[in-house]
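# Observations on chain architecture
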Amino acid sequence: MNERRDPPHGSQTPTVHEPATFGQLDRLWADPKGLWGQLTGVQNDKIGARLLLTGFFFLILGGSLDSIAMRLQLAIPENELISAQVYSELFTNHGSVTMFLVILPIFEGFAILLLPLMLGTREMPFPRLGAFAYWTFLFGGLMYYSSTLFQLVPDAGWFAYTPLSGPEFSPGLRLDFWVLGLGVAEVGAIAAAIEIIIGICKMRAPGMTVNRLPLYAWAMLITSFMILFAFTPLIMGTLLLELDRGFGTRFFDPEHGGSSLLWQHLFWIFGHPEVYIQFLPATGIVSSIIPAFTRRRMVGYSWIVVAMVGIGFLAFSLWAHHMFATGLPPLVLSFFAAASMAIAIPAGIQVFAWMATIWSGKPVWDTPFLFVVGFLVLFVIGGITGVMTAAVPFDLQIHDTYFVVAHLHYVLIGGVAFPIFAGVHYWWPKFTGKRIDERLGRWNFWLLFVGVNVAFWPMHRVGIEGMPRRVYTYEAGLGWELENLISTVGVFICFAGIGVFVWALVQSWRKGRPAGHNPWGADSLEWATASPPAEHGWSVVPIVHSRHPLWDQDELDRGDPNLERFVRGLAEWPLKWRAAVVVGTADARPQEVFRVADPSFWPLIAGGGVALIFLSELVKLRWGAGLGALIIAVSVIAWNWPTEPPMSPEEEAEFEAEHDVAVNAGGSVIISRWGTGLGILFVSIAFSTLLLAYFYLRLENPAWPPEGATVPALGPMVAATALMVATGIALTVGQRRLADGGERSFVGTLVATIVLAVAAAGVQLWEISRAGFGWKEHAYGSIFFTINGFLVTTLGAALLMIVMTLYWTLQGTFSARRHAPVTNVVRFWLAMVTMWAVGSATITLGARLL
């Protein structure tokens, strides 16, 4: 059963024994029907498909139509088809939509759609969080695109450099649409990343250890961590930009202690990792497709994993690659140049592993594989030009020329878009049950492959000849006419390829021939399920013994007798609630059976609350932000409102005794712990970004604080911090007493915590009110009040958690057996206390000691 065999050449799959309870499971896991189901549905296949479709919709708007208009303008010199202002709006929209509203949502949609089937589980860990991620993405995209209705399209580039994007040079609402609309979408991206991380780490088939994890899952795991570390600084950076624009702070105003380069640092800490955030999921798709179409196991599995991890770390060490022309010290330039070259090593490892697998296999040249080969060709070209730009002298010559445009598009279209098309052609039969016409698929590939090279290869030449990017026209006689005309023709060829792709999907949906379970003879678990899959995905959770279970196992529910009994029992019990399995992160042994969340409209309401906060700032009706915060608070409380478990403690204990696996019919202890941990990580990264801004501004200013500004007195600040630390100690002791059955003493601890925390906040706010300066005079005041505002906001969220914990404790919800939410609240509180202490020390001692 576990022997290593040659891959099959047909579409055979291991035996899957569906239980008699199949129909009951399918009905249990199905979302409600009709409009109500569309608004409240949480199933991963629905959420994933929505992200994909919405991302492709934005691709047509911003990725295709805008590019056609720009290329028509540049087809001939001194063209007057569109004005300079419209051209600036087009290239801003093109870059912003592609980077924020197209590629990442599509990849997160792929992940949410695929991972439960690929990992052998029934659902993602937080279905409601997935729904929330989609609604915030949709609301953010619509808010951003609503700028066209008011003829206020952003026009400062997708990078929004200051001071161009600041209040002096971009007054009005144009840049507010960019900052606030895309900010909502970024919240959705982070929410989806948290769900993907936990899903990959904790919700897998028994036996799917980390060294058997599909390479696609590895790619998405690393990508999701990168999203947390890259998008969070961007959100904080855009917060500072909006504070400058809307509240008169001075973060990016050099005349008042700010720094325009601070924005570039914060943006490119996101911006360059963003390229690899888009590239790594593409490599995961490629690593899934190549074995299926070469009939060969992937060469260098461990090396590929190490390479992806290396890219994940190195990507954050070369953000100043984009700042070589800003006057950074030579030593700094040398470091970032070396890092920019070094990242080619892990990328090259993957390329050689893919090529070795293809060389040693027997390729089948169907459409998905054609796109993979096209990806290899185009990405290598883009990678070579990327290494060229890592050399500082060369970069100084071609910086802001069309050479960079060519490089970027070879990387993003060849290295990202081609794997997306490959993935759609590859997995479409699984989720529709129908094949895509192979003839149309080949037309789709060749039109895109030829179009990309015709459109972007000439840009290398005109870039070297000095044509600057982001110009709406050029003079005749400079020698750029032919190349620009050829590039314009190439874009039209690409657009024709996209049109064929859309038509191929429509044709397949209407009258495509049946696909069967595994039309490609692939090796991963998703191809063992029906096409399209059942609502619950897996009736009997598989037991994995190999990296290639469909090639190496005759039956997927056979293995260790205890595991066999466990997975069969899970298929037949319980049938009153959505049950899923949590496994060990490394060994994939079952740890817990928990109740997955049911459909709910609260994620939609919470997403609307987030959008309302940003919208209220956009229209300058700031009372709406308070209303939005209230909506979010009510929604999150209702979202997580404890319900009566559908099983008694005695029934849970019976299952636990039989299978040695914990049961939590009220929700997962382990999953909630991971969710809390990642939430704390998100808040910590946001706080660290503010500290980075503080110390950067401190280094930029010889006088800190400026003349006339005071530093908070040590006494009140130390007293406030001591009171806050005391709350953390009290909560920790109270939690232990609750675990020992001391519910009454825990109530007293909660009351004391609230009183002490309010007192601490009052002392610190009183001292801050005596500062004698505001946030508008100098960057010192701006960062001073922003850090304090962050601390107070975090305290407010933590206090709300404590108040609700007190209420539920008085209601008898928590006991010695069921108190996981209390543990998570205490963890968040301790993190808040730590940030309070560090933040207070920074604003009190930073100006004294540095």
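Structural notes, computed from the coordinates. Keep in mind the model is a prediction, meaning the values are calculated, not measured.

A separate point is the overall build of the chain. Scanning the chain for helices and strands turns up 26 helices and 3 strands. Relative to the globule expectation of 29 Å for 850 residues, the C-alpha radius of gyration of the chain, 28 Å, shows essentially globular dimensions. Overall, the chain is about 75 × 75 × 50 Å in size when its C-alpha atoms are taken along their principal axes. Long-range contacts, defined here as pairs at least 24 residues apart, represent 82% of the contacts in the chain between residues at least 6 apart. With the model as given, the accessible surface of the chain reaches about 31800 Å², and the carbon-plus-sulfur share is 67%. Between the averaged position of the 51 positive side-chain charges in the chain and that of its 59 negative side-chain charges there is a distance of 5 Å.

Below, the discussion takes up helix α7 (residues 215-247). Here α7 is 33 residues long and its end C-alpha atoms lie 47 Å apart, about the 48 Å a rise of 1.5 Å per residue gives. Phi turns positive one or two residues past the end of α7, at G248, with a value near 80°.

It is worth spelling out the environment of V424 at this point. Note on placement: V424 falls in helix α14 (residues 402-432). Relative accessible area serves as the criterion here: at 11%, V424 is assigned to the buried category. Sequence-wise, V424 and P254 are 170 residues apart; in three dimensions their C-alpha atoms are separated by 48 Å. Setting aside residues up to four positions removed in sequence, V424 forms contacts with F56, F110, I436, F501 and L505.

The subject of this paragraph is helix α26 (residues 820-849). Over its 30 residues, α26 runs 42 Å from end to end, which matches the ideal 44 Å to within 8%, given 1.5 Å per residue. I843 marks the point of greatest bend in α26, at about 35°.

As a further point, take the sheet that holds strand β1 (residues 579-583). Across the sheet, which stays open at both edges, the 3 strands sit in the order β1-β2-β3 with mixed pairing between neighbours. Strand pairing shows two members of the sheet lacking a second neighbour, β1 and β3 (662-664), which therefore form its edges. Averaged over all pairs of adjacent strands, the angle between strand axes in this sheet comes to 25°, irrespective of strand direction. Summarising the sheet, β1 and strand β2 (residues 590-595) pair through 5 bridges and their orientation is antiparallel. The residue bridging A579 from the neighbouring strand is R595, located in β2. Relative to the sheet, helix α18 (residues 561-572) contacts β1 and β2, its axis offset from that of β2 by approximately 5°. Of the strands in this sheet, β2 and β3 touch helix α21 (residues 649-659), which is tilted by about 155° from β3.

The next thing to look at is the nonpolar core. With 257 residues, the main nonpolar core has F110, W178 and W829 as its most contacted residues. When residues of this core are assigned to their parent elements, the largest contribution, 21 residues, is made by helix α4 (residues 84-119). What W829 contacts, discounting residues up to four positions off in sequence, is M724, T727, G728, L731, T753, A757, L795, A798, L799 and I802. V541, F566, A571 and V663 belong to the second largest nonpolar core, which has 19 residues in total.

How two aromatic rings sit relative to each other is given by the distance of their centres and the angle of their planes. Evaluation of the coordinates by the stated rule reveals 67 aromatic pairs. Between Y134 and F137, the ring centres sit 6.5 Å apart and the planes meet at 65°, which makes this aromatic pair edge-to-face. With Y134 and F137 both in helix α5 (residues 127-145) and 3 residues apart, the pair spans about one turn of that helix. F137 matches Y134 in its accessibility class, with the two residues each being buried. Put simply, the rings of F100, W158, F159, Y161, W178, F231, F251, F252, W263, F267, W268 and F270 touch in pairs and so form one group of aromatic residues.

With that out of the way, let us pick up empty space enclosed by the protein. Using the criterion set out here, one finds 3 cavities of 30 Å³ or more in the structure. Lining of the largest cavity is provided by 13 residues; of these, P105, E108, F137, A185 and A189 occupy positions nearest its centre. Of all elements in the fold, only α4, α5 and α6 (174-202) reach the threshold of two or more residues within the lining of the largest cavity. At 5 residues, the largest contribution of residues to the lining of the largest cavity is made by α6. Grouping the amino acids of the lining of the largest cavity by side-chain chemistry returns 10 nonpolar, 1 polar and 2 charged.

Taken together, the side chains of L615, V619, L621, W623, L627, L630 and V634 make up a nonpolar region of the molecular surface, amounting to roughly 670 Å² of accessible area. Sorting elements by how many residues they give to the nonpolar patch places helix α20 (residues 623-639) first, with 4 residues. Following the sequence through the fold, V634 ends up in helix α20. When its relative accessible area of 42% is taken as the criterion, V634 is described as partly exposed.

A few words now on the packing of helix α24 (residues 743-769) against helix α25 (residues 779-810). Running from N to C, α24 and α25 cross one another at 160°; their axes reach a closest spacing of 10 Å. Between α24 and α25, the angle falls in the class roughly antiparallel. Where α24 crosses over α25, the handedness of that crossing is left-handed. When the residues that make up the contact of α24 with α25 are grouped by side-chain class, the tally is 20 nonpolar, 4 polar and 1 charged.

Here we take up the environment of W503. Mapped onto the elements of the fold, W503 is located in helix α16 (residues 481-511). In this structure W503 comes out as partly exposed when scored by relative accessible area, which is 43%. C-alpha of W503 to C-alpha of L440: the two residues are 63 residues apart in sequence and 8.3 Å apart in space. Beyond its immediate chain neighbours, meaning those up to four positions away, W503 contacts L440 and R510.

Turning to the pattern of salt bridges, a few remarks are in order. According to the stated counting rule, one finds 22 salt bridges in the structure shown. Here D400 and R469 are joined by a salt bridge, their closest N and O atoms 3.1 Å apart. Here the residue D400 occupies a position in the loop between α13 (392-398) and α14, and R469 occupies one in the loop between α15 (438-464) and α16, the gap between them amounting to 69 residues. Overall, D400 belongs to the partly exposed group, its relative accessible area being 28%. A residue is classified by how much of its surface remains accessible, and R469, at 22% relative accessible area, is partly exposed. Its salt-bridge partner being R770, residue E767 comes within 2.6 Å of it at the nearest N-O pair. Where salt bridges share partners, they join D176, E242, R245, E617, K620 and R622 into one cluster.

Reading guide: rules and limits
Residues numbered from 1 in each chain as written. Predicted model: local features only at pLDDT ≥ 70, side-chain atom pairs only at ≥ 80, totals over all residues. Heavy atoms only, no water. Helix = DSSP H or I, 4+ residues; strand = E, 2+ residues; numbered from the N terminus. Rg over C-alpha atoms; globule rule 2.2 N^0.38 Å. Contact = heavy atoms within 4.5 Å. Areas by Shrake-Rupley, 256 points an atom, 1.4 Å probe, with all protein chains shown as cover. Lys, Arg positive; Asp, Glu negative; His and termini not counted. Charge placed at Lys NZ, Arg CZ, Asp CG, Glu CD. Expected span 1.5 Å × (residues − 1). Buried < 20%, exposed > 50% of the residue type's maximum accessible area, 1.4 Å probe, protein only. Bend = angle between axes of the 7 residues up to and from the residue. Pairing = 2+ DSSP bridges. Axes fitted to C-alpha atoms, helices over the stretch in contact; angles between N-to-C directions. Core = buried A, V, L, I, M, F, W, Y, C linked by side-chain atoms within 4.5 Å. Phe/Tyr/Trp six-rings, centres within 6.5 Å; stacked < 30°, edge-to-face > 60°. 1 Å grid on protein atoms, 1.4 Å probe; cavity = no way out; pocket = protein on both sides within 12 Å on 5 of 7 lines; lining within 4 Å. Points joined across faces, edges and corners; volume = space filled by probe spheres on them. Nonpolar A, V, L, I, M, F, W, Y, C, P; charged D, E, K, R; others polar. Patch = residues over 30% accessible without salt bridge, like charges linked within 9 Å, V, L, I, M, F, W, Y side chains within 5 Å. Salt bridge = Lys/Arg side-chain N within 4 Å of Asp/Glu carboxyl O. Parallel < 35°, antiparallel > 145°, perpendicular 65-115°, else oblique. Left-handed = near helix turned anticlockwise from the far one by under 90°.

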